[in-house]
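Structural description and commentary
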Amino acid sequence: MEQIYDLIIIGSGPAGLGAAIYAKRAELKTLVIEREMMSGGQVLTTYEVDNYAGLPGIGGFDLGMKFREHADKLGVEFAKDTVQKIESAESADASGKEEEQELLTAAEAGAERPPVIYQVVCKKETRLARAVIIASGAHHRKLEILGEAEFTGKGVSYCATCDGAFFRKKTTAVIGGGDGALEDAIFLARLCEKVYVIHRRDEFRGAKSLQKRLMELPNVEILWDTVPEEIVGTDKVETLRILNKKTGEKNDLAVDGVFVAVGITPNSEIFRGSVEMDPAGYIAAGEDGRTNVPGIFAAGDVRTKALRQIVTAVADGANCVASVEAYLNGQN
């Protein structure tokens, strides 16, 4: 007879692994489903992490491996598979699934167990759980130019607050024109000798207050109507090749770092229609991880939140498990 997990966690980045560690300590029967070959999420591509408490200067890959090792040491169960959708066993097509219906009936008879059993439908296999944490993360939008992939972690970054300290007294470029780009440029201007802001239009989309602060900084130069064409270097970033769209003029900027801030996309599309999302596609969930659907929770970069950092992702995982425990105990 197919087993029912107390909790299935989708994704094994910092949020998913943080949740797994807390779930195991809470003695919840837990399964973590990860589609990639390795756990760790975006942190694996970060060259060095200098803002995770107690581990200054640790490599992103090493930190991701430490998270996974901790989960493994506790005996967390993992499955490599690709999640396709979540649905309640009651609403799923019952054809040929008499065994699952028997499981559902048994669960309903339980004194302190939630009546809804969720099916996590994956490419290889369908699993059953009483609660689900979505920790599928998000991905930074790419420039899709030459050199970007090659120098990611070697001067190309998607997080100024994560990596800015490595460019102290150096020259950097920020690509973008929204709030995120302006905030990154302001942050970097405190550390860097020079900051270029590369924007494809002749005005920013970001908040006027941020624009005002940026314009007042003496070490910031804004290049309007300009797009990046190529990132060049040997072992690390050395040059950013740019094109002015109005004049057609091309230039090479000598830079030590390129910060890409053209947006973030949550890995949430497969859950559309299953849980409530905001207009940008982030799952609507507060600090406790609760979504609008009882028994389904969201943690980390995939949920609505102000600060997306490793430490907040791990904290999300812990908060979600506390909410899961309350839910499983009937404390809605």
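Quick look at the structure, then. Here the residue index of a chain counts from 1 through its sequence in written order. Note on the predicted model: pLDDT of at least 70 is required for a residue's local features to be given, and 80 or more for side-chain atom pairs to be given and counted; whole-chain, interface and lining totals, by contrast, use all residues. The basis for every side-chain value is the complete set of non-hydrogen atoms in the structure, without hydrogens or water.

We now examine unusual backbone geometry. Unlike most non-glycine residues, Lys169 shows phi in positive territory, near 65 degrees. Note on conventions: DSSP H or I runs of at least 4 residues are helices, E runs of at least 2 residues are strands, and numbering of each starts at the N terminus. Following the sequence through the fold, Lys169 ends up in the loop between helix H4 (160–163) and strand E9 (171–175).

Two strands pair if DSSP finds at least two bridges between them. Read across the sheet, three strands follow the order E12-E13-E14 without closing on themselves; strand pairing throughout is antiparallel. Only two strands of the sheet have a single neighbouring strand rather than two, namely strand E12 (226–233) and strand E14 (250–254). Ignoring which end each strand starts from, the neighbouring axes of this sheet average 25 degrees apart. Across five bridges, the pairing between strand E13 (residues 237–244) and E14 is antiparallel. When the sheet's bridge partners are listed, Arg241 is paired in E14 with Asp252. Interaxial angles span 0 to 180 degrees and are taken between N-to-C directions of axes, which are lines fitted to C-alpha atoms, for helices over the stretch in contact.

Spanning twelve residues, helix H1 (residues 14–25) covers 17 Å between terminal C-alpha atoms, matching the ideal 16 Å at 1.5 Å per step. Burial classification: accessible surface area is computed with a 1.4 Å probe over protein chains only, and a residue below 20% of its type maximum counts as buried, one above 50% as exposed, and the rest as partly exposed. For H1, the tally of buried residues reaches nine of twelve residues, placing the bulk of the element in the interior. Inspection of H1 places Pro14, Ala15, Gly16, Leu17, Gly18, Ala19, Ala20, Ile21 and Ala23 among the buried residues, and these make up the whole buried set. Contact partners of the buried residues in H1: strand E1 (4–10), strand E2 (30–34), helix H2 (60–73), strand E3 (77–80), strand E6 (126–134) and helix H7 (310–328). Following H1 by one or two positions, Glu27 adopts a phi angle in the positive range, close to 60 degrees. To estimate the expected span of a helix, count its residues, drop one, and scale the result by 1.5 Å. Between two residues, a contact is recorded if the distance between any of their heavy atoms is within 4.5 Å.

A few words on the sheet that holds strand E15 (residues 257–260). In space, the five strands of this open sheet follow the order E8-E15-E9-E10-E11, with parallel pairing throughout. Every interior strand has two partners, whereas the edge strands, strand E8 (156–157) and strand E11 (220–223), have only one. As paired elements, E9 and strand E10 (residues 194–198) share five bridges and run parallel to each other. Considered in E10, the bridge of Thr172 is made with Val195. The sheet contacts of helix H5 (residues 179–189) involve E9, E10, E11 and E15, and relative to E9 the element is tilted by about 170 degrees.

Those residues of helix H6 (residues 208–215) that fall on the buried side of the exposure criterion are Leu210, Gln211 and Leu214. Each buried residue of H6 sits inside an arc of 100 degrees when the element is viewed along its axis, so together they form one side. Counted as exposed and oriented over 90 degrees from the buried face of H6: Lys208 and Lys212. Close packing links the buried residues of H6 with H5, E10 and E11. Directions pointing from the helix axis toward each C-beta atom define the arc.

These values are about where atoms sit, not about what they do.
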